[in-house]
Amino acid sequence: MYDMDQDQYDGEIDYMHQEDAWDRDLLLDPAWEKQQRKTFTAWCNSHLRKAGTQIDNIEEDFRDGLKLMLLLEVISGERLAKPERGKMRVHKISNVNKALDFIIGKGVKLVSIGAEEIVDGNAKMTLGMIWTIILRFAIQDISVEETSAKEGLLLWCQRKTAPYKNVNIQNFHISWKDGLGFCALIHRHRPELIDYGKLRKDDPMTNLNTAFDVAEKYLDIPKMLDAEDIISTLRPDEKAVMTYVSCYYHAFSGKQKAETAANRICKVLAVNQENEQLMEDYEKLASDLLEWIRRTIPWLENRLPENTMQAMQQKLEDFRDYRRQHKPPKVQEKCQLEINFNTLQTKLRLSNRPAFMPSEGKMVSDINNAWGSLEGAEKGYEEWLLNEIRRLERLDHLAEKFRQKAAIHEAWTEGKEAMLQKHDYETASLSEIKALLKKHEAFESDLAAHQDRVEQIAAIAQELNELDYYDSPSVNARCQKICDQWDALGALSQKRSEALQRTEKLLETIDQLYLEFAKRAAPFNNWMEGAMEDLQDTFIVHTIEEIQGLSTAHEQFKATLPEADKERQAILGIHNEIAKIVQTYHVNMAGTNPYTTINPQEVNAKWDKVRQLVPQRDQALIEEHARQQNNERLRRQFANQANVIGPWIQTKMEEIGRISIEMHGTLEDQLTHLRQYEKSIVNYKPKIDQLEGDHQLIQEALIFDNKHTNYTMEHIRVGWEQLLTTIARTINEIENQVLTRDAKGISQEQLNEYRASFNHFDRDHSGTLGAEEFKACLISLGFDIANDAQKRSGFMDAEDFKTCLISIGYNLGENEFSRIMSIVDPNRMGIVTFQGFIDFMSRETADTDTADQVVASFKVLAGDKNYILADELRRELPPDQAEYCMARMAPYTGPDGVPGALDYMSFSTALYGESDL
């Protein structure tokens, strides 16, 4: 049996004065014993039902000690020693002793209560023991205005019922007989449950039953008292009333804690919902941009050439539309994507959330790589277009030249095979044979003169094949026909020559003048045909120097015309002499020169044609000279603007760099200055557009080079896009500093101190610090950094950063250091930036929510259970956030779970990246 002094508890609080001690004689009072038995039984069952059991007879059901130990485990939240499962008395005494040992371990001194009395079913001792448990676990911890236990509970009742008339709580017996005290407590906290104005002091039965029914139905407080017993008893049992009233206290004080917990959860969930929306927006924007790049690159990489100049020029126009209309909005989307990513990461750090890792293939670096591939394909595509246009231009020129030469040659060879196949020499006279022989010699001379043209035709055809001319088959077929015909002519000519030589001895008379005419007229005729061909030949030039060279050559050609005219007169003189001889000697002539088909009329006609073509050639050269002068004007016009805009863009880039490292006023002042600076840059856009217009005129004129400037339109475009991106990123960095300052409570003076130290050691004004400079900067701010060698990259690697943290007081294990590195280096690049270091230090000093705090809040809402139900979430949280929790919480799998139980612990840790949702 245990000895105890029930006047002391924990050495500090005397919550059972001698006059309030449970009197063994009074316990024998049937009325009081009945009240205590009912009240204590209901109180025990209110806790035992959490473990899925209950008691019916308080002195019988606790005899084996099993439910007594279970009761203590439920109300204390602790595990007792393993109970004995045997049915013998010794097993029961052992279990009860374990329960009494646990009570003593909580600082309670038991008096005259032993395990044997409980096992024997001693009602007086059992009720005394239960009352001791109620005092320890339900009343002792009540504290109101520096009073505790019974006095604290009484003071709480007095404070809550003070505004109600006819309610005067002075004790825990007769002050509650009329029932108004119970109704007042309920109405004070839940006015919608009781219409207090309709209650009457003279109707205690109604008042008591109303309070008991409402408390059981809406507050989950079981009926521990009977209205009839309280009314019929002169002085209700104080312990029964105190036990029942303590349930009111815990119910209403728990409500306030639940509201506080719900507010904390709402705040945490609101932040998480906002961050998830930002993540979804980033994923969609990144997917759209990557899809556009994926569709565009194959178009830019398509190198299938077109067959005509018009088709290639249409491709060039489509490319211009892409550069002017389709690409600029995507440049803005890419810039906005980077800004959104940086802003999201800043918000996650400020709300103590893990860094956002986009889906695979959607990192900012992935987008930059895809963008680089796009620009590479774009650059190669433009070069290919220009080369293809040059190639087609060359091909058109060569094809026209081929057709002209082929037509001239085909006209010359027309009928030649038939002529060479004639057998007229077989019946001809001697003079006719001589004439035929001389005519054939003239033909062979003409044939040799045309050898050069045939070789030119073959060379042009070969070049067209090498340049992949689309109509190469027809060119090859025509060239092959000319070559075959040429070979046939050579063979036929050789055959006829041999036949004539065999009959030459039979022929004696030959007309030397006809022969001389033929020999001189043939090369002159060939010269005129070549001159006409040259005068009608098309030309392509790209500079004034080239057209001046053609003009000079043309003037040299015109200088040879007088000498050519003398040759013509000489040839015509031979023909006139032949006519004179025929007339003088009455020679019977067939009317034509037997040695040549060329006649004076043909010579004069071709000569007249040459004289007509000369002024036409003059006019063509003059027009081309004027076109080249206009091209030179376009070159100079573009160069004058590009030589101004290019340096202006470079100057602005340097000025933005200086602004980003200088301190002028507050962050808001700097932000205002940068936005004004951005506006001035955007206002410069018309000049860029004007330069684009001049560039389009140059491309339409097919101008491919410009010696007056080193800037191309591509240089200007890239510089302009980099300028817009740089000012946008700089503004975003200042905005993120404002977010950090406001969220972390960093003063403007602290930011100025950080920036001043940074600028002081940034001696080369590059916007970054070398390793030694960075170390000196940290020391200037009060950090004791170990003198370890650092790479001069302007950053700290993982080991350097760990050494820095240890030097300023952090005792880091590998796991803790990995956690910190995941915060300051979310992209896992192995370096720590200045901004990341500032974010970490400010985070360490800020008061932010933690996973443990959220778990504790959910535990309050769940009524100290290890799980929570959907109805409890809907009752305590706003509808949208309650549904958010239910959709993401996993089912609870613990041994104490019930159907529909949800695991709030894994959900809370997942919010902070400590587990997976």
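Conventions adopted
Counting restarts for each chain: residues are numbered from 1 in the order of the written sequence. Where totals are concerned, whole chains, interfaces and linings use all residues; where local detail is concerned, this predicted model gives features only for residues with pLDDT of at least 70, and gives and counts side-chain atom pairs only at 80 or more. As a rule here, side-chain values cover all heavy atoms of the structure and leave hydrogens and water aside. The numbering of helices and of strands both runs from the N terminus, where a helix is a DSSP run of H or I of at least 4 residues and a strand a run of E of at least 2. Each residue is placed in one exposure class: buried if its accessible area under a 1.4 Å probe, protein chains only, is under 20% of its type's maximum, exposed if it is over 50%, and partly exposed if it falls in between. The contact criterion used is simple: two residues touch if any of their non-hydrogen atoms lie within 4.5 Å. Accessible surface is estimated by sampling points in the Shrake-Rupley manner with a 1.4 Å probe; for residues, cover comes only from the protein chains shown. For this analysis, a salt bridge means a side-chain nitrogen from Lys or Arg found within 4 Å of a carboxyl oxygen belonging to Asp or Glu. Where helices are involved, their axes are fitted lines through C-alpha atoms of the stretch in contact, as for all axes, and angles between N-to-C directions lie from 0 to 180°. Roughly parallel means an angle under 35 degrees; roughly antiparallel means over 145; roughly perpendicular covers 65 to 115; every other angle is labelled oblique. Crossing chirality is assigned from the near helix's rotation relative to the far helix, an anticlockwise turn below a right angle marking it left-handed and a clockwise turn marking it right-handed. Charged means Asp, Glu, Lys or Arg here, nonpolar means Ala, Val, Leu, Ile, Met, Phe, Trp, Tyr, Cys or Pro, and polar covers whatever is left, Gly included. One fewer than the residue count of a helix, multiplied by 1.5 Å, yields its expected span. The arc under discussion is defined with respect to the helix axis, by the directions toward the C-beta atoms. The quantity known as pLDDT measures the predictor's confidence residue by residue, on a range of 0 to 100. Pairing of aromatic rings covers Phe, Tyr and Trp, the last through its six-membered ring, and needs centres within 6.5 Å; plane angles under 30 degrees mean stacked, over 60 mean edge-to-face, and all others mean tilted. A ring has a charge above it when a Lys NZ or an Arg CZ is no more than 6 Å from the ring centre and no more than 35 degrees off the ring normal. Think of a nonpolar core as a cluster: buried Ala, Val, Leu, Ile, Met, Phe, Trp, Tyr and Cys residues, connected wherever their side-chain atoms sit within 4.5 Å. Two cysteine sulfurs form what is called a disulfide whenever their separation falls within 2.5 Å.

1. A look at the overall build of the protein
Within the protein, the regular secondary structure consists of 34 helices and six strands. The buried share among the 917 residues of the protein stands at 45%. When contacts within the protein are restricted to residue pairs at least 6 apart in sequence, long-range pairs at least 24 apart make up 73% of them. Within the structure as shown, the protein displays about 46400 Å² of accessible surface, and the carbon and sulfur contribution to it stands at 50%.

2. Some remarks on the pattern of salt bridges
One pass over the structure, following the stated rule, counts 49 salt bridges. Between Lys106 and Glu78 there is a salt bridge, and its shortest N-O distance comes to 2.5 Å. Here the residue Lys106 occupies a position in the loop between α5 (89-105) and α6 (115-119), and Glu78 occupies one in the loop between α4 (66-76) and α5, the gap between them amounting to 28 residues. By relative accessible area, Glu78 is classed as partly exposed at 37%. For Glu533, the salt bridge goes to Lys405, with nearest N and O atoms at 2.2 Å. Placement of the pair is Glu533 in helix α19 (residues 512-536) and Lys405 in helix α14 (residues 364-413), with a sequence separation of 128 residues.

3. Comments concerning the packing of α4 against α5
Two packed helices can be described by the angle between their axes and the distance between those axes. For the pair α4 and α5, interaxial distance at closest approach is 8 Å and the crossing angle is 25 degrees. The orientation of α4 relative to α5 falls into the category roughly parallel. As for the relative orientation of α4 and α5, their crossing is left-handed in sense. Counted together, Leu66, Leu68, Met69, Leu72 and Ser76 of α4 and Asn95, Lys98, Ala99, Phe102 and Ile103 of α5 form the full contact between these two elements. Taken together, the residues that form the contact of α4 with α5 break down as seven nonpolar, two polar and one charged.

4. Quick notes on helix α10 (residues 204-218)
Taking 1.5 Å of rise per residue, the 15 residues of α10 would be expected to cover 21 Å, and the 21 Å separating its terminal C-alpha atoms lies within 8% of that figure. Those residues of α10 not exposed but buried are Asn207, Leu208, Ala211, Phe212, Val214 and Ala215. Viewed end-on, α10 has its buried residues packed into an arc of 165 degrees, placing them on one side of the element. One or two positions beyond α10, positive phi appears at Asp220, with a value near 60 degrees.

5. Brief notes about the confidence of the model for the protein
For the protein, per-residue confidence averages 78 on the pLDDT scale, and residues scoring 70 or more make up 80% of the total. Confidence drops under a pLDDT of 50 for residues 506-510, and excluding neighbours within four residues, the segment shows 15 contacts in the predicted structure. Note that pLDDT drops below 50 for residues 784-794; the model gives that stretch 28 contacts with residues more than four away or on any other chain.

6. Side note on the environment of Tyr470
Along the chain, Tyr470 turns up in the loop between α17 (451-466) and α18 (472-503). Among the residues examined, Tyr470 registers a relative accessible area of 45% and is labelled partly exposed. The spatial distance from the C-alpha of Tyr470 to the C-alpha of Leu395 is 9.2 Å, given a sequence separation of 75 residues.

7. Considerations on the packing of aromatic side chains
Scanning the model with the defined rule gives 24 aromatic pairs in all. Centroid distance Phe172 to Trp176: 6.5 Å. Interplanar angle 5 degrees. Geometry classified as stacked. Of the two residues, Phe172 and Trp176, neither departs from the other in class, the shared state being buried. Ring-pair connections join several aromatic residues into one group, and the members of that group are Phe172, Trp176, Phe182, Phe212, Tyr244, Tyr248 and Phe252. When the ring centre of Phe137 is taken as origin, the NZ or CZ atom of Arg136, which lies over that ring, is 5.1 Å away. When the ring centre of Trp412 is taken as origin, the NZ or CZ atom of Lys416, which lies over that ring, is 4.9 Å away.

8. Side note on the nonpolar core
The biggest cluster of nonpolar side chains holds 80 residues, and the ones touching the most others in it are Trp43, Ile133, Phe182, Ile186 and Tyr248. Among residues more than four places away in sequence, those in contact with Ile133 are Trp43, Leu68, Leu72, Ile75, Ile103 and Ala138. Judged by nonpolar contacts, the second largest core, of 26 residues, contains Ile649, Ile659, Ile681 and Tyr684.

9. Focus: the environment of Gln336
Counting through the fold element by element, Gln336 comes out in helix α13 (residues 309-350). Residue Gln336 is classed as partly exposed on the basis of its relative accessible area, which comes to 37%.

10. Remarks on the side chain of Gln881
Inspection of the secondary structure assignment puts Gln881 in helix α33 (residues 879-888). By relative accessible area, Gln881 is classed as buried at 6%. Ignoring sequence-local partners within four residues, the contact set of Gln881 consists of Cys266, Leu269, Ala270 and Gln273.

11. A word on the state of the cysteines
The tally for this structure, following the rule as stated, stands at zero disulfides. Its sulfur unpaired, Cys483 is 4.1 Å from the next cysteine sulfur, which belongs to Cys479. Exposure remark for Cys483: the relative accessible area of 23% places this residue in the partly exposed category.

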